[in-house]
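Spelled out from the first residue to the last, the chains are:
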Amino acid sequence: MAIEESSDATTISVNVSPLVDKSPEGLVHLERRLRNEVLDQQLREQIRSQTEGVRNLILSHAFSKTGLIASAETPASL
Amino acid sequence: MLKLRGKAQVHNASLEMPRLLRVTSREDLPTSMRSKYALLIPIDHHASSAASEGFASILVPGAGVAVDELPGLSNSKNVFLLSEDFQYLAEGDIVRLNPESGNVSTVFRKNTPNNSILLTERCNHLCLMCSQPPKDVDDTWLLEDAFALVRMIPTDTPNIGFTGGEPTTYGNRFIELIETTKRNLPRTSVDVLTNGRAFKSESYAAKLGRVKHPDLQLGIPIYSDDPVRHDFIVQSEGAFDETLHGVLNLKRHGVRVEIRVVIHQQSLPRLVQTCEFIARNLLFVDHVALMGLEITGFTRANLEQLWVDPYEYRDTLSEAIEVLRAYGLSCSIYNHQLCLINDDVHDVCRQSISDWKNEFLPACDSCAKMRSCGGFFSSQVAFKHSEHIVPYAM
Amino acid sequence: MSRFQPIAFFNRQPTSSTASYDLLPFRFTELDEERYVATNLSGEYMVLPRDVLHRFAKSELNAHEPQYIELRSRHFLSDAHSKMGADLLAIKVRSRYQRLADWTGLHIFVLTLRCEHACPYCQVSRQSDDKDAFDMSREHADKAIQLALRSPNKAIKIEFQGGESFLNFELMKHVVVAAKVANSKLAEPKDLAFVAATNLAVTTDEMLAFCAEHAITISTSLDGPKDLHNKNRPRPGKDSYQRVTEGIEKARRWLGRDKVSALMTTTQASLGSVREIIDEYLAMEFQGVFLRPLSPYGFAIKTRFYRAYDAKRWLRFYDEGLDYIIELNRRGVAFREYYACTILAKMLTSADPGYVDLMSPAGIGIGAVVYNYDGAVYASDEARMLAEMGDETFKLGTVDDSFDALFTNETLLRALDESFAYSSPMCHDCAFEPWCGSDPVFHWGQQGDVVGRKPESEFCERNMHIFRGLVQRMEADPFVRRLFMKWGASC
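1. Focus: the overall build of chain B
A count of helices and strands for chain B gives 11 helices and 17 strands. In terms of overall dimensions, chain B has a C-alpha envelope of 65 × 55 × 35 Å along the principal axes. Looking at chain B as a whole, 59% of its 394 residues are labelled buried. A fraction of 67% describes how many contacts in chain B between residues 6 or more apart in sequence connect residues 24 or more apart. As displayed, chain B offers around 15900 Å² of accessible surface, 48% of which is attributable to carbon and sulfur atoms.

2. Considerations on the packing of aromatic side chains
Residue and element names in this part refer to chain B. One pass over the full model with this rule turns up 35 aromatic pairs over all chains. Ring geometry for F240 versus F277: centroids 6.0 Å apart, planes at 50 degrees, classification tilted. With F240 in helix α6 (residues 239-252) and F277 in helix α7 (residues 271-281), this residue pair connects regions lying 37 residues apart in the sequence. In this structure, F240 and F277 share a single accessibility class: buried.

3. Focus on the environment of B:Q9
The topology assignment puts B:Q9 in strand β2 (residues 9-11). B:Q9 sits 73 residues away from B:L82 along the chain, and the two C-alpha atoms are 7.0 Å apart.

4. Focus: the pattern of salt bridges
Tallying each qualifying case throughout the model produces 57 salt bridges over all chains. Residue A:R35 pairs with A:E31 through a salt bridge whose shortest N-O separation is 2.8 Å. You can see A:R35 and its partner A:E31 sitting in helix α1 (residues 24-62), 4 residues apart, about one turn around the helix. A relative accessible area of 53% places A:R35 in the exposed class. The residue B:R26 makes a salt bridge to B:E91 at a minimum N-O spacing of 3.5 Å. Within this pair, whereas B:R26 is found in the loop between β3 (19-24) and β4 (37-40), its partner B:E91 is found in the loop between β6 (79-82) and β7 (94-98), the two being separated by 65 residues in sequence. For B:R26, a relative accessible area of 42% gives the class partly exposed. You can call B:E91 partly exposed: its relative accessible area is 31%. The network of salt bridges with shared partners includes B:D225, B:R270, B:E276, C:E70, C:R74 and C:R481.

5. Brief notes about the pairing of strand β8 (residues 103-108) of chain B
All names here are of chain B. Where strand β1 (residues 5-7) meets β8, 3 bridges bridge the pair, whose relative direction is antiparallel. Pairing of K7 across the sheet is with N103, part of β8. In this structure, β7 lies alongside β8, joined through 5 bridges in antiparallel fashion. Paired with R96 across the two strands is S105, which belongs to β8.

6. Concerning the interface of chain C and chain A
Tallying the contact residues gives 27 residues for chain C and 25 residues for chain A. With both sides pooled, the region where chain C packs onto chain A buries about 2200 Å², and carbon together with sulfur makes up 60% of that total. Note that C:E33 and A:R32 form a salt bridge whose closest N and O atoms lie 3.7 Å from each other. Where chain C packs against chain A, one counts 8 residue pairs in polar contact (both at pLDDT 80 or more). At the level of elements, β2 (26-30), α1 (50-57) and α3 (85-96) of chain C are the ones that each hand at least two residues to the side of chain C that touches chain A.

7. As for helix α6 (residues 138-150) of chain C
Residue and element names in this part refer to chain C. The end-to-end C-alpha distance of α6, which contains 13 residues, comes to 18 Å, matching closely the 18 Å that a straight helix rising 1.5 Å per residue would cover. Within the sequence span of α6, burial applies to A141, A144, I145, L147, A148 and L149. In this structure, the buried side of α6 is in contact with β6 (106-110), β7 (155-161), α7 (169-184), β8 (191-197), β13 (368-371) and α16 (403-407).

8. Re the interface of chain C and chain B
Listed by partner, the interface residues are 31 residues for chain C and 33 residues for chain B. Approximately 3000 Å² of surface area, both sides summed, lies buried where chain C meets chain B, with 58% of it carried by carbon and sulfur atoms. Considering only the surface of chain C that becomes buried against chain B, C:F4, C:I7 and C:F10 emerge as the three largest contributors, covering 23% of it. Here chain C and chain B share 8 salt bridges between them. Taking the shortest distance from any N to any O, the salt bridge between C:K486 and B:E322 comes out at 3.1 Å. Counting the contacts that link chain C with chain B gives 13 residue pairs in polar contact (both at pLDDT 80 or more). Only α2 (66-73), α3 and α20 (478-489) of chain C provide two or more residues apiece to the side of chain C that touches chain B. Here the side of chain C that touches chain B is composed, by residue class, of 11 nonpolar, 8 polar and 12 charged.

9. Concerning helix α17 (residues 410-419) of chain C
All names here are of chain C. Listing the buried residues of α17 in full gives L412, A415, L416 and S419. Viewed along the axis of α17, the buried residues span an arc of 100 degrees, placing them on a single side of the element. Turned more than 90 degrees away from the buried face of α17 sit E410 and D417, all of them exposed. In this fold, the buried residues of α17 make contact with β15 (395-398), α16 and α18 (440-447). In this structure N409 caps α17, since a side-chain oxygen of it lies 2.8 Å from the backbone nitrogen of T411.

10. Description of the nonpolar core
B:F162, B:L290, C:F109, C:F160, C:M347, C:Y371 and C:F484 are the most contacted members of the largest nonpolar core, which totals 203 residues. Ranked by residue count, the leading element in this core is helix α13 (residues 311-330) of chain C, at 9 residues. In this structure C:M347 touches C:G43, C:E44, C:Y45, C:W435, C:L470, C:V471 and C:M474, once residues within four positions along its chain are discounted. Of all hydrophobic cores here, the second largest spans 22 residues; its members include B:V228, B:I233, B:I295 and B:W307.

Parameters at a glance
Residues numbered from 1 in each chain as written. Chains lettered and ligands numbered in written order. Predicted model: local features only at pLDDT ≥ 70, side-chain atom pairs only at ≥ 80, totals over all residues. Heavy atoms only, no water. Helix = DSSP H or I, 4+ residues; strand = E, 2+ residues; numbered from the N terminus. Buried < 20%, exposed > 50% of the residue type's maximum accessible area, 1.4 Å probe, protein only. Contact = heavy atoms within 4.5 Å. Areas by Shrake-Rupley, 256 points an atom, 1.4 Å probe, with all protein chains shown as cover. Phe/Tyr/Trp six-rings, centres within 6.5 Å; stacked < 30°, edge-to-face > 60°. Salt bridge = Lys/Arg side-chain N within 4 Å of Asp/Glu carboxyl O. Pairing = 2+ DSSP bridges. Buried area = accessible area lost by both parts, 1.4 Å probe. Polar contact = N/O pair within 3.5 Å; in protein donor to acceptor, adjacent residues only side chain to side chain. Expected span 1.5 Å × (residues − 1). Nonpolar A, V, L, I, M, F, W, Y, C, P; charged D, E, K, R; others polar. Arc of directions from axis to C-beta. Core = buried A, V, L, I, M, F, W, Y, C linked by side-chain atoms within 4.5 Å.

Structure, rendered in structure tokens:
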């Protein structure tokens, strides 16, 4: 696999040659896998940014002495 | 089925208000004690007026007897002529008597392990299968009675239960009741049935924890791991989260919790997943009970939505118990008959039905396992039970 | 008109358009061509087809799709119906890391390097009668006892290793008695346990009587049926198999049936015989077997045993063994594979199985520590083996050093910190990270880097293959799912 970044850092060119299966099917398969991997990494980025806040909240409370949900006060009788 | 409540003909009513009285058959009870007792006289017994003098009330179980036929009682106060149904009454029982209305309630029985004290009929849930349908009336007198009752119940009573409705409706007064029970019945184990939602307030859970009752357990239902399904079954939005929150707080403050799951058509589809949810998230609860339907109250109104023959779900039940056992959770099956469940779970099937509503079918007389089987609810015998009841061969 | 509302009334999610929900933190990794394994913050997993995973992650899932309810119950999402997920996850995460507060529980005493066996794959032993050169001294042992009891862990397990630990039986006796005495004098005595690793070839009745008296359990080596075992484990007289099998029976009679465990090591010769090895364990009435690969240390390297097979070949061996064990269970024979049990405990519960080699933060120093025969203190058994090969990177110090000095060793802390899988490249994104561990000593030894380049790591390759294999088997067969649940929940 050869990876090149364009001079203005806006494009990355990837040249992939399979090590073993050099058939057209093998190449298509490899390309599909690469595209999937890129999409997956994009998704991971998105998930990470979306859940970062609640993740930090959960972890900080996992290692603290208090509970997470603020205790709701109920009156003496319902 | 025993009739615990009824109406009686009352002669010479003179009690100002409803009273809790201990029941005795001892005509020779010292006179100084008699004002707190109701004397139990069998129908064929001739009591002398001296023997019956001084008691707060006289109880005569038997049908259609006019007071003049009981010569010794014509001057006695508060003579309650009870129906035959009340012939189970015995020494040491406690009754609530209302001379004005003639209402009689047996609130404590000496010869049973299952004494349950109703605290209120108010509830913030409307469970599809509720066996005690809620009433929106001020029945705080039930709570007041409970305070009096725990001071009268013999201290060697092994166990009592507090039920409703929703007992925590009384807020801090409920906590006080547990404290009073601890002080007056220090060696009696206490079971409370509650939806647990009030304990979402950590300070409320802390209050109960601070009582440090030596043998208290709260039975709290979670009907599904799916909050929508749980909320639907209890007919209250937001119930799942609050109950869960309550359970966590109770465990944080050292209160024993039993999770109860009633099995019917609506809870069955996710029964195994619910047990897995409990195992993954609530491993610290003290007990899990999987329960059969009682055919009373709302269950009868919703029977078509609820009923499923336990025989049909026996494998799912085994799988659910297998999950709980694999994770080391103490578990039980309540309210099921042995012939309807697989052999592998017989050892956790308890004789759980209160004796006063516990019956067997005629077919059971020839069953080899009748002694160890929990039998039926009276309401199951009367209205709906499995079609697969088969006695075990001797 | 019924006063009861239907279930639809309680479901605020729309029926025909996308649901409204928030993602909870999760990771995903390919299971196979079509499916992914997703794990939540607490390591609970779900298998999802690729398109469902993507739609879910992009908030495009419909509440009436079959996976929606599961995703909510398993804390991958929260919605208007339940916000308790975050609180429950916090509790579960806390449980998983509970052991960090306990500190070092396993204390390994290398009583001697002497051994009468000459196993080619051994890491350390010497055939020698020179006790002065290769036995631990009493002075060193006494200091090691003090260090062990200094650990804040309420439960301390002392493991006797070697060489052959019973060749220094005198010192073993002294350590047991002295440790118990010292423990009784503590303000809060520990829950003290002992285990002796031994080939059982030189154990006498006197030794076993002592073990019985002091509740010392036995861990021995059984590589398979007689020919295989003897080939792997030569000794004078070529009778290792006979001695160990007789020793197991004798030890059980003295100590109790469940007080004797056995480990196997896989060599080139073992590769074709996994069923026979398992059958041997069944014949010897063991409850399970731990299928172990070869470690890349010591004589294993020298004798080229380590390179004799690669990770892929061993994984075929492992899979064949695991599948055979599953078949046995299907036939009603209760028998376990212990590495799978350890992993399943991490997959299916929040409990920590306490297996030092599969921990993150790593178990070096803070999970287990080794007091060597010469008084040196090592961060793990692997660290000791590495030192035998000339690399003392993970030597923490000696028994003359203070507890604080040993456990705040700069190399140790840096290795723990840098190798923490959650923040390591690739591990950070890996769905299997909660089930895995970091093995800084292995990666240091193999790649010169405590983190390691995971695509080149046999540790990673092996574990990912096994993780995937366990999930695939559970997805494919409800019997296996129930079996594995029992294994994991009661590990």
